[in-house]
Amino acid sequence: MAAVVRLSLGEVRQLASSALHRTGLLPPSCEAIAQVVTEAERDGCKSHGLFRIPGYVKTIKLGKADVNAIPTVKVTSPSVVQVNGRCGFAPLAHRLGLPILAARAKEQGVAIMPIRNILHFASLWHEVEYLAEKGLAGFACVSTKAFVAHGQGSKRIYGTNPMAFSFPREGEKGHLLFDQASAMMARGEISLAGLAGEQLPQGCAVDKHGNPTTDPAAALEGAQLTFGGIKGSNIAMMVELLSAGLTGSPLATEAADNDIDPASTTATLSGELIIAINPDKTSDKSGTEILQHAESLFQSILTQENGVGFLPSTSRHCGSQRASRRLVAENEGVDVPESLVQEIETLAQC
């Protein structure tokens, strides 16, 4: 079993920040990325935690990211907040744009934030959880370079095209969140399976010859498949049109054609669409009544027989387990592979 190191969340943040600062990336962007990486480690989302830092650094070294980028935010109509990331990383664009989006949604009832010219390399739940904390329902989706086939094909057409949804809950219950790829598995999860010497589930990918495979290396070289067959492909297509089409960003195939990283271990210039909805303005009922009504659904899920009830979760970092996992991480720290810690420490010194 690989050796691990126990780090406090403060140490995780400092480790990530040090490696990023070394690249010349502007401090506000370093801080924004370090925050989402730390939150991912805290919530058990290892595929988007410190594991991503070498990829951020490589993205900068390849010249794919502008280290001096400061995103611009423009309110173009009462319910539209446009963000231009200017070829910088997404977390800083979110920091600058989300407060304005939330304010617009509070006033208008619904607001959208199309983001273009960003490099999105993090989980999506950060964005929608922010909105839930403001009492808003949230939806976010993002495009990437092409990795995923349509239906049972073998040609890469879509990115993993993730989407995230949040619904606010009152009190100490913890907001409802889910974050999932349109692909059967996120690309980072496949990479981690390969590092752990594990096989993939059946139906996850095809190799470069179009044959079904459970080997992570062959899957990364070939094409991933969507969940749910053609139904998942339809969702991937929807995400592509919302996040790339509506934002004027490159389609997944265009992003792949223009990418200079054949190993696909770095972030890709893409688009994102975020939608915020104010429960206070969607019905003749008050927002409090709307949220209380939703609790009846949650309770129906939680009280299923045989102890199988849990709120929707596609991974350990979302759903009912999130609050308890966070508490443990905040009090006890998190375990990180020693080899990864050493790699990031080296990056912080180079």
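The rules behind these values
- Starting from 1, residues in each chain are numbered consecutively following that chain's sequence as written.
- In keeping with the model being predicted, local features are shown solely for residues with a pLDDT of at least 70 and side-chain atom pairs are shown and tallied solely at 80 or more, while totals for entire chains, interfaces and linings include all residues.
- Excluded from the side-chain calculations are hydrogens and water; all other atoms, namely the structure's heavy atoms, are used.
- Pairing between strands is defined by DSSP: at least two bridges between the two strands are required.
- Each helix corresponds to a stretch of at least 4 residues labelled H or I by DSSP, and each strand to a stretch of at least 2 residues labelled E; elements are numbered beginning at the N terminus.
- We call a set of buried Ala, Val, Leu, Ile, Met, Phe, Trp, Tyr and Cys residues a nonpolar core when their side-chain atoms join them within 4.5 Å.
- Exposure categories follow from relative accessible area, calculated using a 1.4 Å probe and restricted to protein chains: below 20% of the type maximum is buried, above 50% is exposed, and the middle band is partly exposed.
- Only heavy atoms enter the contact rule, under which two residues are in contact if any of them lie within 4.5 Å.
- Planes of paired rings set the category: under 30 degrees apart is stacked, over 60 is edge-to-face and the rest tilted, where pairs are Phe, Tyr or Trp rings (Trp by its six-membered ring) whose centres lie within 6.5 Å.
- For a lysine, the NZ atom is tested; for an arginine, the CZ atom; a charge sits over a ring if that atom is within 6 Å of the ring centre and within 35 degrees of the ring normal.
- Definition used for salt bridges: Asp or Glu carboxyl oxygen within 4 Å of a side-chain nitrogen of Lys or Arg.
- Here, axes are lines fitted to C-alpha atoms. For helices the fit covers the stretch in contact, and angles between N-to-C directions go from 0 to 180 degrees.
- The scheme is simple: roughly parallel for angles under 35 degrees, roughly antiparallel for over 145, roughly perpendicular for 65 to 115, oblique for anything else.
- If you view a crossover with the strands going away from you and the path from the first strand over the helix to the second runs clockwise, you call it right-handed.

> In this structure, what is going on with the pairing of strand 2 (residues 72-77)? I would like to understand it.
Residues in a regular strand project their side chains so that they alternate between the two faces of the sheet. Pairing between strand 2 and strand 3 (residues 80-89): 5 bridges, direction antiparallel. Looking across to strand 3, one finds that Thr72 is bridged to Asn84. Here strand 2 folds back onto strand 3 in antiparallel fashion, the turn holding 2 residues.

> What is the right way to read the nonpolar core from this model?
Across soluble globular proteins, you tend to see nonpolar side chains buried next to one another. Ranked by size, the top nonpolar core spans 31 residues in total, and within it Leu50, Ile53, Tyr56 and Phe89 carry the most contacts. Mapped by element, the contributors of at least two residues to this core are helix 1 (9-21), helix 2 (27-42), helix 3 (53-61), strand 12 (334-337) and helix 12 (338-349). The leading source of residues in this core is helix 1, at 6 residues. When near neighbours in sequence (up to four residues on either side) are disregarded, Leu50 contacts Leu7, Val12, Leu15, Ala16, Val37, Glu41, Val336, Leu340 and Ile344. In this structure, Val81, Val128, Val142 and Ile274 belong to the second largest nonpolar core, which totals 22 residues.

> Is there a simple way to explain helix 3 in this structure?
Each α-helix turn comprises 3.6 residues. Residues three or four places apart therefore point the same way. With 7 of 9 residues buried, helix 3 is to be regarded as a mostly interior element. For helix 3, the full list of buried residues reads Ile53, Pro54, Gly55, Tyr56, Val57, Thr59 and Ile60. Next to the buried residues of helix 3 lie helix 1, helix 2, strand 3, strand 4 (110-119) and helix 12. Following helix 3 by one or two positions, Gly63 has its phi on the positive side, about 80°.

> Can you walk me through the packing of aromatic side chains in this structure?
Remark: the centre distance and the inter-plane angle together describe each pair of aromatic rings, the angle taken between the planes. Under the definition given, this model contains 4 aromatic pairs. With centroids separated by 5.0 Å and ring planes inclined at 70°, the aromatic side chains of Tyr56 and Phe89 adopt a geometry described as edge-to-face. With Tyr56 in helix 3 and Phe89 in strand 3, this residue pair connects regions lying 33 residues apart in the sequence. In this structure, Tyr56 and Phe89 share a single accessibility class: buried. Relative to Phe178, the ring of Phe165 lies with its centre 5.8 Å away and its plane at 40°, an arrangement referred to as tilted. Placement of Phe165 in strand 6 (residues 163-167) and of Phe178 in strand 7 (residues 176-180) is noted, with a sequence separation of 13 residues between them. Judged by its relative accessible area of 22%, Phe178 falls in the partly exposed class. Taken together through their ring pairs, the aromatic side chains of Tyr56, Phe89 and Phe121 make up a single cluster. Cation over ring: Arg52 sits above Phe121, and NZ or CZ is 4.5 Å from the ring centre.

> Please explain the pattern of salt bridges as it appears in this structure.
When charged atoms on two side chains of opposite charge get close, those side chains can pair. In the structure shown here, the tally under the stated rule is 11 salt bridges. For Lys64, the salt bridge goes to Asp259, with nearest N and O atoms at 2.6 Å. Taken together, the residues Lys64 in the loop between helix 3 and strand 2 and Asp259 in the loop between helix 9 (252-258) and strand 11 (269-277) connect sequence positions 195 residues apart. On the basis of relative accessible area, Lys64 is assigned to the buried category, the value being 14%. Asp259 sits in the buried class, given a relative accessible area of 16%.

> Is there a simple way to think about the sheet that holds strand 9 (residues 212-213) in this case?
Adjacent strands of a sheet pair through backbone hydrogen bonds, lying either parallel or antiparallel. Ordered by their spatial adjacency, 3 strands build an open sheet running 9-8-10, and the pairing between neighbours is antiparallel. Taken across any chain shown, the strands that pair with only one partner, and hence form the sheet edges, are strand 9 and strand 10 (223-224). Examined bridge by bridge, strand 8 (residues 205-206) and strand 9 share 2 bridges and lie antiparallel to one another. Its bridge partner being in strand 9, Ala205 is matched across the sheet by Thr213.

> Before we go on, may I ask you to explain the packing of helix 2 against helix 4 (residues 90-108) in this structure?
How two helices sit against one another is set out by the angle between their axes and by the gap between those axes. Orientation of helix 2 relative to helix 4, taken along the N-to-C sense of each, is 95°, at an axis distance of 8 Å. Classified by the interaxial angle, the pair formed by helix 2 and helix 4 is roughly perpendicular. Of helix 4, the residues touching helix 2 (which contributes Pro28, Ser29, Glu31, Ala32, Ile33, Gln35 and Val36) are Pro91, Leu92 and Arg95.

> Sorry if this is basic, but what is going on with the pairing of strand 4 here?
Sheet topology note: the strand 3/strand 4 ladder contains 5 bridges and is parallel. Bridging across to strand 4, Gly88 finds its partner in Ile118. Following the chain from strand 3 across helix 4 to the adjacent parallel strand 4, one finds a crossover that is right-handed. Where strand 4 and strand 11 come together, 8 bridges link them in antiparallel fashion. Directly across from Ile115, in strand 11, lies its bridge partner Glu272.

> Can you help me understand the sheet that holds strand 7 in this one?
Taken in spatial order, the 7 strands make up an open sheet running 2-3-4-11-5-6-7, and their pairing is mixed. Two strands lie at the open edges of the sheet, namely strand 2 and strand 7, each paired on one side alone. Mean inter-strand twist for the sheet, computed between neighbouring axes without regard to direction, equals 15°. Here strand 5 (residues 137-142) pairs with strand 6 via 4 bridges, running antiparallel. Of the residues in strand 6, the one forming a bridge with Ala140 is Ala164. Its contacts with the sheet put helix 4 on strand 2, strand 3, strand 4 and strand 11, and the angle it makes with strand 4 is roughly 170°.

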